[in-house]
Amino acid sequence: MAKITVSLPLQLLLVHSICLPASEQVCRLLGQPALPLLSAERDINIGAIFSVHRSALLKMHPFTSKPEPTTCVRLNLREFKFTQTFIFAIEEINNSTQLLPGVSLGYKIYDGCNSIAQTILAGMALMNGYEETSSDISCSRQPAVHAIVGESTSSPTIALASVVGPFSLPVISHFATCACLSNRKIYPSFYRTIPSDYYQSSALVQLVKHFGWTWVGTVRSRSDYGNNGIAAFEDAANQEGICIEYSEAILRTDPQEQFLKTMEVIKQGTARVVVAFVSFGDFIPLVNVIAENNITGLQWVGSESWITSRNLAETKEYSFLSGAVGFAVVNANLVGLREFLVNVHPDQEPKNELLKEFWETAFKCSFRNSGIGGCTGSENLAELKNEYTDISELRIEHKVYTAVYAVAHALHNIFKDIKSSNSSKEELPTPQKVLQYMNDVRFTIKTGENIFFDASGDPVARYDLVNWQPTEDGSLQFKHVGVYDSSLPLQQRLQINLEHMLWAGNIGKLPVSMCSESCLPGTRKAVQQGRPVCCYDCITCAEGEISNGTDSSDCFPCALEYWSNESKNRCVLKVVEFLSYTEIMGMLLCIFSFIGVLLAAFVSFLFYLHKETPIVRANNSELSFLLLFSLSLCFLCSLTFIGRPTEWSCMLRHTAFGITFVLCISCVLGKTIVVLLAFRATLPGNNVMKWFGPAQQRLSVVSLTLIQVFICVLWLRISPPFPYMNLAYYRERIILECNLGSAVGFWVVLGYTGLLSVLCFVLAFLARKLPDNFNEAKFITFSMLIFCAVWITFIPAYVSSPGKFTVAVEIFAILVSSFGLLFCIFAPKCYIILLKPEKNTKKQMMGKSSSKAH
């Protein structure tokens, strides 16, 4: 609850009275009675408090004599217009046959003088009346007023609501917007026809967010209006990621140095947008200082207190406010109000000094002067153009009008219920009854607006978005460019027409106000140490992470099968890597594979043409042809390792490799054994060749190959190879490879092949020095030496090679070992067949052994 400090002038507020003897039972007021500025007492009266004067003169009281009444100075035309709108609504209701028929409304209007003390004094006068004496019957008389309309600013209204609230006297404000007044526990009798600053603050945050302004400065009134309004703004701004560079507080009574300091802070600030949650009276001294120092280029965002002020807009020195935007309460057209306003004249109440003061202020004349500069009373208000006669902006006047109608409808409902109860006792409404019925008031005024109050006494928040735009004469006009309606869903509340907007400097380009430039997609924000969250550096996302929005706080990792693109703003499918036929390495391996097949075919064709020659027939030509065939298969099986791995290709590549190589080694092993047995058979009495003739050679080849086939079938049955997307080896790409399924199966296949190779190598090594002109065992030894060397080095290379290079190493081993067998075993024979045909004779083949025998 707002704390109110009682100053010396408040002695007038206290009911100092001296009571006479009990027989008389009469109390007499010692102080001066507080009288209304304007009044008309009728059946039921409604009180009102407006700050008709801008300030009250402060006086020092010596406490030695009765204090004089406070003097208020500087008539406020805007507030005087509120008083006339209030009277206009009263008279309109009295002339209505639909609302309160047979009941005449009166009024008592007091001047708050923009002072909390004067407002409380007026409130107590409206509660108690202003008679100089009171007696026993005073408490049973009709209440002075049934409700109070006012005040125009939040701080006096808070004081008023605090004083009259305990007495259940309704207070309906037309312009007090402080969100604190919605607290029903502290202000149980308070209502208002203007939306709470809670909604305006939220609307201002949504406006700033909509335009992308994340770095703003704020200026507020050092009052309940400004303090509470900007506090709500800052809370909502923090939730939306909007940062406040500075927050300055001003009050109209501050010394000039304070306004210069605030101006300097605004000038030195880097924020290009200033949110001014300032009352009109506090704003004037600040804009004067800004105008004197020629500070331009700022985008002003205003609260409803000053954003539709004609005084500001029509002053050419304030042209730097051009482009200002802000929310104003919804405008309305009150038919008949202008005629009522221009009919005001001092002659209507010759003894009323207020009407004379108004006339002097409006026409800038004086009734005391009879000559130049004197008022004659013949001046015509209808010809005058000023804040009072202007009806283009009746936003707050409409709220005064609505407040009066709200009380009238509550009274109407009370009389209606009294009449329907058929009570014989004549009943009159009480302020407590009016307060009870205010909660259920719901009506539509002639402007078409539906009026009702929520549980906090607030109406539905509707605002017009106003943009200040220059006119031809250099002044500014209010352009309606949008609306804010709190009754709509959150995303639909703010609606803006950008096409009709102008910004600071009368440009059509939206100004930018950011502490740091926006971080583009592909980067994230990193807050600068010791600075607000809106001040940050833009850091590029790490590999495999993206941010696809502007000003992203974090980078997000891509899914396992995706990777970030170069700009780091989109996840794309990872490159799937496998050894392809279309890449150079794949093509080279294919070429060498086909060369091997062609060479094997060529040798087969050459051997077939010379199949009857000794060099072909030697050492079982049938095994030679089978070996050439198996070598062709070895060259061809390397092709199964190239291309996109599939379920069938994975099973085929390893089994084909294992079976064809065992077939090949089996043939070489058979030829080696034949060489050994052939020389053993030359010894006298040794008939060992009959045990390893052609049939046994075929059987050995088939038997050894079938063992490998059995191993492969078992492998495929238990855990066959399958295509596998390896995501672990590289982060940025997927290796599509064949998973072995069972590593044991693969190494058993390879081990069996290696076992046969070693056995063949050992036997060939033993037979290398056997006497013969053409000892094939030497060449088998070299071929098996190459074969074993290749496959021994293959194992570490295979294990350590990444991705498609694993496959390339395996193909390379297959091709090198196959070429080794082909060249070491068959190249010497082809050399003799093609280049040394004279050596291709039986005699030449047996020559060396014969000579040694002799």
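Residues numbered from 1 in each chain as written. Predicted model: local features only at pLDDT ≥ 70, side-chain atom pairs only at ≥ 80, totals over all residues. Heavy atoms only, no water.

Visitor: Just to check I follow, could you spell out the sheet that holds strand 14 (residues 273-277) for this structure?
Guide: With mixed pairing, the eight strands of this open sheet are ordered in space as 13-12-14-15-16-19-20-21. At either end of the open sheet lies a strand with only one pairing partner, and these are strand 13 (243-250) and strand 21 (494-496). In this sheet, neighbouring strand axes are inclined to one another by 30° on average, regardless of whether the strands run parallel or antiparallel. In the sheet, strand 19 (residues 462-470) pairs with strand 20 (residues 476-485) via nine bridges, with the strands oriented antiparallel. Its bridge partner lying in strand 20, Tyr 463 is registered against Tyr 484. Here helix 6 (residues 256-268) sits on the sheet in contact with strand 12 (215-221), strand 13, strand 14 and strand 15 (299-302), set at roughly 165° to strand 13. (Pairing = 2+ DSSP bridges. Helix = DSSP H or I, 4+ residues; strand = E, 2+ residues; numbered from the N terminus. Axes fitted to C-alpha atoms, helices over the stretch in contact; angles between N-to-C directions. Contact = heavy atoms within 4.5 Å.)

Visitor: Is there a simple way to think about helix 11 (residues 395-420) in this case?
Guide: Think of an α-helix as 3.6 residues a turn; residues three or four steps apart then line up on the same face. The terminal C-alpha atoms of helix 11, which comprises 26 residues, lie 37 Å apart, in line with the 38 Å expected from a rise of 1.5 Å per residue. Burial within helix 11 is extensive, with 19 of its 26 residues counted as buried. Downstream of helix 11 by one or two residues, Asn 422 has phi in the positive range, about 55°. (Expected span 1.5 Å × (residues − 1). Buried < 20%, exposed > 50% of the residue type's maximum accessible area, 1.4 Å probe, protein only.)

Visitor: Any chance you could explain a nonpolar patch on the surface here in plain terms?
Guide: A surface patch of nonpolar side chains, about 550 Å² in accessible area, is lined by Ile 584, Met 587, Leu 588, Ile 591, Phe 592 and Ile 595. Residue position: Ile 591 is located in helix 13 (residues 584-609). On the basis of relative accessible area, Ile 591 is assigned to the partly exposed category, the value being 46%. (Patch = residues over 30% accessible without salt bridge, like charges linked within 9 Å, V, L, I, M, F, W, Y side chains within 5 Å. Areas by Shrake-Rupley, 256 points an atom, 1.4 Å probe, with all protein chains shown as cover. Salt bridge = Lys/Arg side-chain N within 4 Å of Asp/Glu carboxyl O.)

Visitor: How do you make sense of the side chain of Asp 254 when you look at a structure like this?
Guide: Assignment of secondary structure puts Asp 254 in the loop between strand 13 and helix 6. A polar side-chain atom of Asp 254 sits 2.8 Å from the main-chain amide nitrogen of Leu 251. Leaving out residues up to four positions away in the same chain, Asp 254 has contacts with Arg 222, Ala 249 and Phe 259. (Polar contact = N/O pair within 3.5 Å; in protein donor to acceptor, adjacent residues only side chain to side chain.)

Visitor: Teacher, can you tell me more about the state of the cysteines here?
Guide: Under the definition given, this model contains nine disulfides. Paired by a disulfide, Cys 515 and Cys 535 hold their sulfur atoms 1.9 Å apart. The chirality of the disulfide connecting Cys 515 with Cys 535 is right-handed, given an S-S dihedral of about 105°. Taken together, the positions of Cys 515 in the loop between strand 21 and strand 22 (523-527) and Cys 535 in the loop between strand 22 and strand 23 (536-540) put the pair 20 residues apart, joining distant regions of the chain. Assessed through its relative accessible area of 0%, Cys 535 is described here as buried. In this model, Cys 541 is linked to Cys 555 through a disulfide, with the two sulfur atoms separated by 1.9 Å. In this structure, the disulfide formed by Cys 541 and Cys 555 twists by about -80° around the S-S bond and is classed as left-handed. With Cys 541 in the loop between strand 23 and strand 24 (545-546) and Cys 555 in the loop between strand 24 and strand 25 (556-557), the pair connects residues that are 14 residues apart, well separated along the chain. Across the pair, Cys 555 and Cys 541 agree in class, each one buried. Here Cys 634 stays unpaired: no disulfide links it, and the sulfur of Cys 664, its closest cysteine neighbor, is 4.7 Å away. (Disulfide = S-S within 2.5 Å.)

Visitor: Help me understand the sheet that holds strand 3 (residues 38-40), please; the structure alone is not making it clear to me.
Guide: Across a sheet, paired strands are connected by hydrogen bonds in the backbone, their directions being either parallel or antiparallel. Spatial strand order, 3-7-4-9-10-11: six strands in an open sheet with mixed pairing. Where the open sheet ends on each side, the last strands, each with one partner, are strand 3 and strand 11 (190-192). Taken together, the three bridges between strand 10 (residues 171-173) and strand 11 define a ladder with parallel strand orientation. Residue Val 171 lies in a different strand from strand 11, and its bridge partner there is Phe 190. Sitting on the sheet, helix 2 (residues 116-128) is in contact with strand 4 (44-50), strand 7 (105-111) and strand 9 (148-149), with an inclination near 175° to strand 4.

Visitor: Explain the packing of helix 2 against helix 3 (residues 154-164) to me, please; I cannot follow it from the model alone.
Guide: A pair of packed helices can be characterised by two numbers: the angle between their axes and the separation between those axes. Running from N to C, helix 2 and helix 3 point in directions that differ by 35°, and their axes come no closer than 9 Å. By crossing handedness, the relation of helix 2 to helix 3 is classed as right-handed. Of the residues in helix 3, those in contact with Ile 116, Thr 119, Ile 120, Gly 123, Met 124 and Met 127 of helix 2 are Ser 155, Pro 156, Ala 159, Leu 160, Val 163 and Val 164. For the contact of helix 2 with helix 3, a count of residues per class yields nine nonpolar, three polar and no charged. (Left-handed = near helix turned anticlockwise from the far one by under 90°. Nonpolar A, V, L, I, M, F, W, Y, C, P; charged D, E, K, R; others polar.)

Visitor: Help me understand the nonpolar core, please; the structure alone is not making it clear to me.
Guide: Within soluble globular proteins, side chains that are nonpolar tend to cluster in buried spots. In this structure, Phe 86, Phe 358 and Leu 381 are the most contacted members of the largest nonpolar core, which totals 97 residues. The leading source of residues in this core is helix 11, at 13 residues. When residues no more than four places from it in sequence are discounted, the contact partners of Phe 358 are Leu 75, Leu 77, Phe 80, Val 344, Leu 381 and Tyr 388. (Core = buried A, V, L, I, M, F, W, Y, C linked by side-chain atoms within 4.5 Å.)

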